[in-house]
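# Inside the fold
What follows is each chain in one-letter form.
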Amino acid sequence: MFETIQGEGSFTGQPSIFIRLQGCPVGCSWCDTKHTWEIDPEREVSAPVMLSKNAETDEWAEFSIADLLQTIAENGWQAKHIVLTGGEPCMVDLEPLCRVFEESGFSIQVETSGTFEVLVSPKCWVTVSPKVNMRGGYKVLGSAMQRANEIKHPVATEQHVDDLKALLVEHQVTDTPVYLQPISQKERATQLAIDTCIANNWRLSIQVHKYIGIE
Ligand SMILES: C[S@@+](CC[C@H](N)C(=O)[O-])C[C@H]1O[C@@H](n2cnc3c(N)ncnc32)[C@H](O)[C@@H]1O
Ligand SMILES: Nc1nc2[nH]cc(C(=O)O)c2c(=O)[nH]1
Ligand code: SF4
Ligand SMILES: [Mg+2]
């Protein structure tokens, strides 16, 4: 859990509190958070120890919703926007968490692969980053594509663009904003994303935090 600037998608630039949930079975080869994949019982630590970490780690801790709110208050964090990410946050029913945070005056956003049912509050902003043919064998759910407030697709090859176009047709998505996000700041991927955004009237998401060296 950390406070930073949202670096992706339509909330780019928004001070945000990130809550990174441990665990993801989707298996994207280029995933930039592979340390979140396994929930290894031997890597469990206490909540205070988890919060003291300032580098990527495969350690994890259990937090109650009250613990999360207390952490925000204790740190004096001023952001009013919460980003639930991971790992794959939608392996959990996030609705109770959304409700408590919204009652406390926060807006909520979830970053998901769309491979699990999206259980969130009606007001939660849902960013679906659909995954096609990843190692874990999961498929993007139509219900996630329909619920998406934005679709953010990582690209490095023409195949990634074709995969996205096929998904948009399959799930009849026409009005949702589409972002292309170059995979791992590669120059060719960035050029492909720029050209494809212009050709399709889509938007570009360049993971701003990685260019300015923040979390
Ligand atoms: C690490 S994922 C966690 C949330 C969820 N599992 C998902 O995939 O949306 C957060 C975002 O980072 C994107 N992402 C992961 N690795 C990336 C990389 N190497 N380059 C660009 N985007 C990446 C994902 O597609 C997703 O939009
Ligand atoms: N600054 C910042 N913005 C982000 N937007 C989505 C992220 C993620 O890992 O889900 C992320 C992240 O890790 N850091
Ligand atoms: S679904 Fe998200 S967290 Fe899981 S492997 Fe893919 S990018 Fe990483
Ligand atoms: Mg990230």
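Residues numbered from 1 in each chain as written. Chains lettered and ligands numbered in written order. Predicted model: local features only at pLDDT ≥ 70, side-chain atom pairs only at ≥ 80, totals over all residues. Heavy atoms only, no water.

Attention shifts here to the overall build of the protein chain. When you go through the protein chain residue by residue, the secondary structure sums to 7 helices and 8 strands. In summary, the protein chain has a C-alpha radius of gyration of 17 Å against a globular reference of 17 Å for 215 residues, a match within 12%. The principal-axis extents of the C-alpha atoms in the protein chain amount to approximately 45 × 35 × 30 Å. The burial tally for the protein chain puts 48% of its 215 residues in the buried class. Carbon together with sulfur atoms contributes 51% to the accessible area of the protein chain, which is approximately 11000 Å² in total. For the protein chain, the distance from the average site of its 17 positive side-chain charges to the average site of its 29 negative ones is 5 Å. (Helix = DSSP H or I, 4+ residues; strand = E, 2+ residues; numbered from the N terminus. Rg over C-alpha atoms; globule rule 2.2 N^0.38 Å. Buried < 20%, exposed > 50% of the residue type's maximum accessible area, 1.4 Å probe, protein only. Areas by Shrake-Rupley, 256 points an atom, 1.4 Å probe, with all protein chains shown as cover. Lys, Arg positive; Asp, Glu negative; His and termini not counted. Charge placed at Lys NZ, Arg CZ, Asp CG, Glu CD.)

In total, this model carries 4 aromatic pairs according to the counting rule given. Judged by centre distance (5.3 Å) and plane angle (35°), the rings of phenylalanine 116 and tyrosine 138 are tilted. One end of the pair, phenylalanine 116, is in the loop between strand S4 (107-112) and strand S5 (125-128); the other, tyrosine 138, is in the loop between S5 and helix H4 (142-147), and 22 residues separate them in sequence. With relative accessibility at 30%, the residue tyrosine 138 sits in the partly exposed group. Here lysine 80 stacks its cationic end above the ring of phenylalanine 106, 4.5 Å away from the centre of that ring. (Phe/Tyr/Trp six-rings, centres within 6.5 Å; stacked < 30°, edge-to-face > 60°. Lys NZ or Arg CZ within 6 Å of the ring centre and 35° of its normal.)

On to the pairing of S5. Here 4 bridges tie S4 to S5, and the two strands are oriented parallel to one another. Of the residues in S5, the one forming a bridge with valine 110 is valine 126. Note: S5 against strand S6 (residues 150-155), 2 bridges, orientation parallel. From the neighbouring strand, valine 128 faces S6, where its bridge partner is isoleucine 151. A crossover links S5 with its parallel partner S6, the connecting element being H4, and its sense is right-handed. (Pairing = 2+ DSSP bridges. Right-handed = clockwise from strand over helix to strand, strands pointing away.)

The subject of this paragraph is the confidence of the model for the protein chain. Parts of the prediction with low pLDDT should not have their coordinates interpreted in detail. On average, residues of the protein chain score 98 in pLDDT, and 100% of them reach the 70 mark or higher. When mean pLDDT is compared element by element in the protein chain, S5 scores highest at 99, while helix H1 (residues 47-51) scores lowest at 96. (pLDDT = per-residue confidence, 0-100.)

Side-chain pairs of opposite charge can arise where the charged atoms are in close proximity. What the rule picks out here adds up to 6 salt bridges. Among the ionic pairs, arginine 43 bridges to aspartate 58, the shortest N-O distance being 2.8 Å. Linking arginine 43 in the loop between strand S2 (15-21) and H1 with aspartate 58 in the loop between H1 and helix H2 (65-75), this pair joins segments that are 15 residues apart in sequence. Residue arginine 43 is classed as partly exposed on the basis of its relative accessible area of 31%. Judged by relative accessible area, aspartate 58 falls into the partly exposed class, the value being 32%. The salt bridge partner of lysine 53 is glutamate 59, with a shortest N-O separation of 3.1 Å. According to the relative accessible area criterion, glutamate 59 is buried, its value standing at 15%. The network of salt bridges with shared partners includes Glu8, Glu111 and Lys152. (Salt bridge = Lys/Arg side-chain N within 4 Å of Asp/Glu carboxyl O.)

Take helix H6 (residues 187-200) next. Along an α-helix, residues three or four positions apart point the same way, because every turn accommodates 3.6 residues. An ideal rise of 1.5 Å per residue puts 20 Å on 14 residues; H6 measures up with 20 Å between its terminal C-alpha atoms. Lining the buried residues of H6 we find S6, helix H5 (158-170), strand S7 (178-182), strand S8 (203-204) and helix H7 (208-212). Just beyond H6, the residue with positive phi is asparagine 201, at close to 60°. (Expected span 1.5 Å × (residues − 1). Contact = heavy atoms within 4.5 Å.)

Take the nonpolar core next. Of all hydrophobic cores here, the largest spans 40 residues; its most connected members are Ile82, Leu84, Phe101, Val110, Val120, Met145 and Leu168. With sequence-adjacent residues up to four places away left out, valine 110 is seen in contact with Leu84, Pro89, Cys90, Leu94, Val120, Cys124, Trp125, Val126 and Thr127. The next biggest cluster of nonpolar side chains, apart from the first, holds 6 residues, and it includes Cys24, Val26, Cys28 and Cys31. (Core = buried A, V, L, I, M, F, W, Y, C linked by side-chain atoms within 4.5 Å.)

A few words on the site of ligand 1. Around ligand 1 there are 21 residues in total, and Trp30, Gly87, Ser129, Lys131 and Ser184 lie nearest to it. Residue lysine 131 places a side-chain N or O atom 2.6 Å away from an oxygen atom belonging to ligand 1. Here glutamine 207 contributes a side-chain N or O atom positioned 3.5 Å from a nitrogen atom of ligand 1. The protein chains hide 95% of the 540 Å² of surface that ligand 1 would expose on its own. Looking at the shell around ligand 1, the elements with two or more residues in it are strand S3 (81-86), S4, S6 and S7. Here the shell around ligand 1 is composed, by residue class, of 5 nonpolar, 10 polar and 6 charged. (Near = heavy atom within 4 Å. Polar contact = N/O pair within 3.5 Å; in protein donor to acceptor, adjacent residues only side chain to side chain. Nonpolar A, V, L, I, M, F, W, Y, C, P; charged D, E, K, R; others polar.)

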